[in-house]
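Listed below are the residues making up each chain.
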Amino acid sequence: MLFHNMSSSRLVVSALLVLCLYSVHTVSIKKNATSRANYECRRVQRTKTCSAKICCERAARVQEVKKVNVDLYVESLCPDCRMFMAYQLFPTWLLVEDIMNVTLIPYGNAKETRGKEGWKFTCQHGPDECYGNLLETCLIHFLPNNDDHLPIINCMETARDPITAAESCVQMLAPSKIWNDVVKCSNGSLGNDIMHKNAIRTDGLQPPHKYVPWIVINGVHTEEIQQQASNSLLAVVCHTFKVCWVCNLNGVDSVSHFPC
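Residues numbered from 1 in each chain as written. Predicted model: local features only at pLDDT ≥ 70, side-chain atom pairs only at ≥ 80, totals over all residues. Heavy atoms only, no water.

As named in an unreviewed UniProt entry, the protein is Gamma-interferon-inducible lysosomal thiol reductase, taken from Eptatretus burgeri. Turning to the protein, the UniProt record has this under Sequence similarities (unreviewed entry): "Belongs to the GILT family." Within the UniProt record for the protein, the comment given under Subunit (unreviewed entry) is "Dimer; disulfide-linked." (UniProt positions renumbered as here; feature names shortened; annotations may be inferred.)

This is the structure in structure tokens:
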């Protein structure tokens, strides 16, 4: 594994540190949200209007959390993808999963052609990578929540061989019956169809992707975003995250949003 030389004691310390940082960050988010609501409430009160007063009374209670959407276009055996997932994506998700949505699209620089029995895929790092892409795609299909599939895929990608590690990662982190479904999907028409959808989504990127991992934040990819996220995805997510206080001024059909 990427971390196979780390001693048990260091693993325990690292786990405790992540848990501590996560707790502190969650408290900080809630504290900042309350402070911002109180500030907006005082600002609205200064207008001295009846509707603003109603808005103010609701502002501190009603929040619209705009989560940060992180789309990651990857390949199962791509070294740079594996490093990004191990050192940026998964640690960031552990710390701030409440404010981000992660979408993994395994396909990357693969190519597809139409065959008699479905789509044929040719992958940058060979047939094993194609199978790894299928395994991860089917895992996401059967376990669509980030809480369920991200730990498994991270387990795979931090192993020496993601393909051979897949079964043990699934059995350790998900119900054992899921593995049989994943294998059947990966070897059958279901996996083939889903991978074709990944191909369409990847090939339809604007701007077109040039490499992997290809990082998209809230539907936008730029070289600046790519570089910043590669250096610190946590900083990008925290900078992009917004909380809005929602006020209904004129009934349920009229909602105003305070600046985030």
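Caption draft 1: Looking closely at the nonpolar core. Formed by 47 residues in total, the largest nonpolar core has its most connected members in Leu72, Leu89, Leu104, Leu139, Ile152, Ile217 and Val237. Looking at which element gives the most residues to this core, the answer is helix α3 (residues 79–96), with eight residues. Apart from residues lying up to four places away in sequence, Leu72 is in contact with Phe84, Met85, Leu89, Thr103, Leu104, Ile105, Pro213, Trp214 and Ile215. Counting eight residues, the second largest nonpolar core, distinct from the first, contains Tyr107, Phe121, Cys123 and Cys130. (Core = buried A, V, L, I, M, F, W, Y, C linked by side-chain atoms within 4.5 Å. Buried < 20%, exposed > 50% of the residue type's maximum accessible area, 1.4 Å probe, protein only. Helix = DSSP H or I, 4+ residues; strand = E, 2+ residues; numbered from the N terminus. Contact = heavy atoms within 4.5 Å.)

Caption draft 2: The state of the cysteines, seen in detail. As enumerated under the stated definition, the model contains three disulfides in all. The side chain of Cys123 participates in a disulfide bridge whose partner is Cys130; the two sulfur atoms lie 2.1 Å from each other. Across the disulfide from Cys123 to Cys130, rotation about the S-S bond amounts to roughly 115°, and the bridge is consequently right-handed. In this structure Cys123 comes out as buried when scored by relative accessible area, which is 11%. For Cys130, a relative accessible area of 11% corresponds to the buried category. Put simply, Cys155 and Cys169 are joined by a disulfide, and their sulfur atoms are 2.0 Å apart. Disulfide Cys155-Cys169: torsion about the S-S bond near -75°, hence left-handed. (Disulfide = S-S within 2.5 Å.)

Caption draft 3: Here's a closer look at the side chain of Arg82. Looking at where Arg82 falls in the secondary structure, it is placed in helix α3. Side-chain polar atoms of Arg82 contact the backbone oxygen of Ala159, separated by 2.3 Å. (Polar contact = N/O pair within 3.5 Å; in protein donor to acceptor, adjacent residues only side chain to side chain.)

Caption draft 4: Looking closely at the pairing of strand β4 (residues 111–115). Looking at chain direction, β4 and strand β5 (residues 118–122) are connected through five bridges and run antiparallel. From the neighbouring strand, Arg114 faces β5, where its bridge partner is Trp119. As consecutive antiparallel partners, β4 and β5 are separated by two residues. (Pairing = 2+ DSSP bridges.)

Caption draft 5: Structural view of the sheet that holds strand β3 (residues 100–106). The strand order across the open sheet built from three strands is β3-β2-β6, with neighbouring strands paired in mixed fashion. Both edges of this open sheet fall to β3 and β6 (214–217), since each of them pairs with a single strand only. On average, each strand axis in the sheet is tilted by 15° relative to the strand beside it, whichever way the strands run. Across four bridges, the pairing between strand β2 (residues 68–74) and β6 is antiparallel. Of the residues in β6, the one forming a bridge with Tyr73 is Trp214. Most of the contacts of helix α8 (residues 189–203) go to β3, to which it runs at about 105°, and overall it touches β2 and β3. (Axes fitted to C-alpha atoms, helices over the stretch in contact; angles between N-to-C directions.)

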